[in-house]
Amino acid sequence: MELFNRLADFQMDVLKEVGNIGAGHAATALSKLLDKPVDMLVPKVRIVAFEEIADSVGGAEQVVIAIFLRVEGETPGNLFFIMTLESAKKLLRSLVGITVTHDDNYTDMELSALNEIGNILAGSYLSSLADFTQLSMSPTVPSLAIDMAGAILSFGLFQFGQMGDHALLIDTKFLDGNEEVKGHFFLIPDPESFDKIFKALGVDTP
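What comes next is a walk through the structure. All of these numbers come straight from a predicted model, not from anything done at the bench. Here the residue numbering is sequential within each chain, running from 1 through the sequence in written order. Two thresholds apply to this predicted model, a pLDDT of at least 70 for residue-level local features and 80 or more for giving and counting side-chain atom pairs, whereas whole-chain, interface and lining totals are computed over all residues. Derived side-chain values reflect all non-hydrogen atoms in the structure, with water molecules and hydrogen atoms excluded from consideration.

## Some words on a negative patch on the surface
Then step 1. A surface patch of negative charge is lined by Glu51, Glu52, Asp55 and Asp165.
Then step 2. Summarising the element assignment, Asp165 is placed in the loop between α6 (149-160) and β7 (166-176).
Then step 3. The rule is simple: take the accessible area with a 1.4 Å probe, protein chains only, and divide by the maximum for that residue type; under 20% is buried, over 50% is exposed, in between is partly exposed. On the basis of relative accessibility, which here comes to 55%, the residue Asp165 falls in the exposed class. To count toward a patch, a residue needs a relative accessible area over 30% and no salt bridge; like charges are then connected within 9 Å, while nonpolar side chains (Val, Leu, Ile, Met, Phe, Trp, Tyr) are connected within 5 Å. Note that accessible areas follow from Shrake-Rupley with a 1.4 Å probe, and for residues the cover is restricted to the protein chains shown. Whenever a carboxyl oxygen of Asp or Glu lies within 4 Å of a side-chain nitrogen of Lys or Arg, that contact is scored as a salt bridge. Here the positive residues are Lys and Arg and the negative ones are Asp and Glu; neither His nor the chain ends is included. A charged residue contributes its charge at one atom only: NZ of Lys, CZ of Arg, CG of Asp or CD of Glu. Helical segments are the DSSP runs of H or I of at least four residues, strand segments are the runs of E of at least two, and each set is numbered from the N terminus.

Set out below in structure tokens:
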């Protein structure tokens, strides 16, 4: 925890800038894919303890849609893009023009659209972080799950072993007229990976 206490404002500003650049790249990619303007904002970037991740999306029992993938390269880790069911429905309606009628019965097309949006977001954010840190980071093929937030995070922990104690949280907002859609992007580096990332950002570690 000492490392995170020593983060200066400018390092958090750098992480927010990473989020903003990633959002810009993702918005451009989604605009091309959908052939319509897409606006995105990154209102908040912060470091959260692992146990606080589920709380950030409404609690461990909150049913969510999550796009999950593994990050490979010099700083391996796990990455989640998580939305509530209501946000996912808004996202599909505003961006893709699809109206979801049942929370627990998504069509293959709806799931495919959400998976592709999550994949574009993940690739854009990782690319911007890799550019800033000059570290290699590449995403694996994403998978999508609809379940309680706690169960989804536990699956990631079970599948890939011990995760790091902290996550980089990038809040994301999609804007379509007066309607906004919120999502949460969590990068959970493996224990040794956070040190590499912060060293690359100019934070000395013990």
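So much for the structure itself; the text now carries on.
## Here we look at a nonpolar patch on the surface
Then step 1. Taken together, the side chains of Val63, Ile146 and Met148 define a hydrophobic patch exposed on the protein surface, amounting to about 210 Å² of accessible area.
Then step 2. If you trace the backbone, Ile146 turns up in strand β6 (residues 143-148).

## Looking at the nonpolar core
Then step 1. Residues Met40 and Phe174 are the most contacted members of the largest nonpolar core, which totals 48 residues.
Then step 2. In terms of residue count, helix α5 (residues 108-133) provides more of this core than any other element does, 10 residues in total.
Then step 3. Residue contacts are defined here by distance: any two heavy atoms, one from each residue, within 4.5 Å place the two residues in contact. Apart from residues lying up to four places away in sequence, Phe174 is in contact with Leu30, Val38, Asp39, Met40, Phe81, Leu91, Leu95, Ile117, Leu121, Glu179, Glu180 and Val181.
Then step 4. One finds Val48, Ile53, Leu153 and Ala167 within the second-largest nonpolar core, a separate group that totals 16 residues. To qualify as a nonpolar core, a set must consist of buried Ala, Val, Leu, Ile, Met, Phe, Trp, Tyr and Cys residues joined through side-chain atoms within 4.5 Å.

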